[in-house]
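# What the coordinates show
Listed here are the chains, written in short residue letters.
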Amino acid sequence: MSQQQAGQYVLKFISGKYQGGEFPLEQNSEILIGRSSELDMVLVEDMVSRKHARISARSGTLEIEDFGSTNGTFVNGEKISKARLREGDRVLIGTNIIKLVHRDQVGAGNAAGMGANPQDQMPQANRTTGATLTGSIAGLIEEVPLPDLLQLFSTSRKSGVLVIRTEVDVSKIYLREGRVYYASINDDPELAPDKAFYRILSWRTGTFSLEPVSDEVFEDELDASIENLLMESMRQLDEIMALGDDVPDLSASLRINKPLEAPLRDLTPELLDTIQLVLNFGSVSRVLNRSSASDLETLQDVVYLIRNDYMTVE
């Protein structure tokens, strides 16, 4: 990143009260971050130290340095003492997630309004006035994909309930010192926590917020590491995508063909179990929920049965 380029970037807040606000980066300058009102970027919250970190643009390089803060500074989920910043990097300080973006990615209204009255637009952080920011870790999945967010929470050992909302679903991922120990979608008791987690990780739009620790007790807690959960989630999603267009939507219904001309004797016990699930429950979501197999294995069976004229999607 050249010196000329260094002045073409902004720090965009993608969580907290000032979500969407930008703090411009200038050439040959530094930004001091912390609770103290004397600093350039003032983050008023308990998890931020009085003098927390510094971002500097020197010799064509952007760097961030932690000042030995109590709760640390994280870049892309890794706790750092000093690190070079690149476009797209996400920084966690306290409850604020900040993304380094190019000015061209900033909306025209915000870019033109640097330093304008905050009551007239999304509040802007600037060197003259500083930025007093409060709020919780919240934002858009489009800005912070769930795998990245969970890795960040794992490294920073966060506890609480990550609530993800889409237009139709509300899901919860329960965290204990950075480990996922339970997950649910719409508090559905039929849905096993591992299946819920893997489905949630496939979502690409919606909002998220990290809410206080829950006192709920679950008998079937997850005990895999976040790394293993994420890897298995990505594996299942990739293989489901590879099945192609015959994969039915979760909201769809399945119907056994009548008359059934394809011979049942040609089916494995697992495929026969899937037919029984379809006869008993009908909807794709309930078939997946009630199946003892993974969503991937059950969908593989469903796709096979559709392609071989045993059932139809409605």
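The structure under discussion appears in the preceding block.
## Here's the deal with the nonpolar core
If you look at the biggest cluster of nonpolar residues, it comprises 32 residues, and the most contacted ones within it are Leu150, Leu162, Ile164, Ile173, Val180 and Phe197. Elements that contribute at least two residues to this core include exactly helix H3 (146-155), strand S13 (160-165), strand S14 (170-176), strand S15 (179-185), helix H4 (193-200), strand S16 (207-211) and helix H5 (226-242). Of the residues that make up this core, three or more belong to each of domain 1 (8-103) and domain 2 (137-236). The contact partners of Leu150, leaving out residues within four places of it in the chain, are Leu162, Ile173, Leu175, Val180, Phe197, Leu201, Ile226 and Leu230.

## Points about the sheet that holds strand S7 (residues 73-75)
In spatial order, the strands read S2-S1-S11-S10-S7-S8; together these 6 strands make up an open sheet with antiparallel pairing. The open sheet has two free edges, formed respectively by strand S2 (22-24) and strand S8 (78-80), since each of these has just one partner strand. Taking the axes of each pair of neighbouring strands and ignoring which way they run, one obtains an average angle of 30° across the sheet. With 4 bridges connecting them, strand S10 (residues 90-93) and strand S11 (residues 96-102) associate as antiparallel partners. Considered in S11, the bridge of Ile93 is made with Asn96.

## Side note on the pairing of S15
Burial analysis of S15 places 6 of its 7 residues in the buried class, the great majority of the element. Pairing between S14 and S15: 6 bridges, direction antiparallel. If you follow Arg176 over to S15, its bridge partner there is Arg179. Here S14 folds back onto S15 in antiparallel fashion, the turn holding 2 residues, of which Glu177 has a positive phi close to 50°.

## Quick word on the environment of Ile185
Within the secondary structure, Ile185 is located in strand S15. Separated by 21 residues in sequence, Ile185 and Ile164 place their C-alpha atoms 9.2 Å apart. Ile185 has contacts with Asp169, Val170, Ser171, Leu191, Ala196, Arg199, Ile200 and Trp203, leaving out every residue within four places of it along the chain.

## Description of the pairing of strand S1 (residues 9-13)
Of all 5 residues in S1, 5 are buried; the element is thus mostly enclosed. Judged from the 5 bridges that link them, S1 and S11 form a sheet pairing that is antiparallel. Directly across from Leu11, in S11, lies its bridge partner Leu100. Where S1 meets S2, 3 bridges bridge the pair, whose relative direction is antiparallel. Along S2, the bridge assignment pairs Val10 with Pro24.

## Observations regarding the packing of H3 against H5
In contact at an axis separation of 10 Å, H3 and H5 are set at 170° when each is read in the N-to-C sense. Judged on the interaxial angle alone, H5 and H3 are roughly antiparallel. Contacts from Pro147, Leu150, Gln151 and Ser154 in H3 reach Ile226, Glu227, Leu230 and Met234 in H5. In the contact of H3 with H5, the residues fall into 5 nonpolar, 2 polar and 1 charged.

## Describing the environment of Arg90
With respect to the helices, strands and loops of the structure, Arg90 is situated in strand S10. Its relative accessible area of 13% is what places Arg90 among the buried residues. Sequence separation of Arg90 and Ile14 is 76 residues, and the distance between their C-alpha atoms is 9.1 Å. With near-sequence residues (within four places) excluded, Arg90 lies in contact with Ile14, Phe74, Val75, Asn76, Ile97, Ile98, Lys99, Glu143, Val144, Pro145 and Asp148. Here Glu143 takes part through its backbone oxygen, which lies 3.1 Å from a polar atom of the side chain of Arg90. For Arg90, the side chain forms a polar contact with the side chain of Asp148, separated by 3.0 Å.

## A closer look at the sheet that holds strand S9 (residues 82-84)
An order of S4-S3-S5-S6-S9 is seen for the 5 strands of this open sheet, with the pairing classed as mixed. The strands lining the two open edges of the sheet, one partner per strand, are strand S4 (41-42) and S9. In terms of strand pairing, strand S5 (residues 53-58) meets strand S6 (residues 61-66) through 6 bridges, oriented antiparallel. Following the sheet pairing, Arg58 is matched in S6 by Thr61.

What counts, and at which threshold
Residues numbered from 1 in each chain as written. Predicted model: local features only at pLDDT ≥ 70, side-chain atom pairs only at ≥ 80, totals over all residues. Heavy atoms only, no water. Core = buried A, V, L, I, M, F, W, Y, C linked by side-chain atoms within 4.5 Å. Buried < 20%, exposed > 50% of the residue type's maximum accessible area, 1.4 Å probe, protein only. Helix = DSSP H or I, 4+ residues; strand = E, 2+ residues; numbered from the N terminus. Domains from an automatic or database assignment. Contact = heavy atoms within 4.5 Å. Pairing = 2+ DSSP bridges. Axes fitted to C-alpha atoms, helices over the stretch in contact; angles between N-to-C directions. Parallel < 35°, antiparallel > 145°, perpendicular 65-115°, else oblique. Nonpolar A, V, L, I, M, F, W, Y, C, P; charged D, E, K, R; others polar. Polar contact = N/O pair within 3.5 Å; in protein donor to acceptor, adjacent residues only side chain to side chain.

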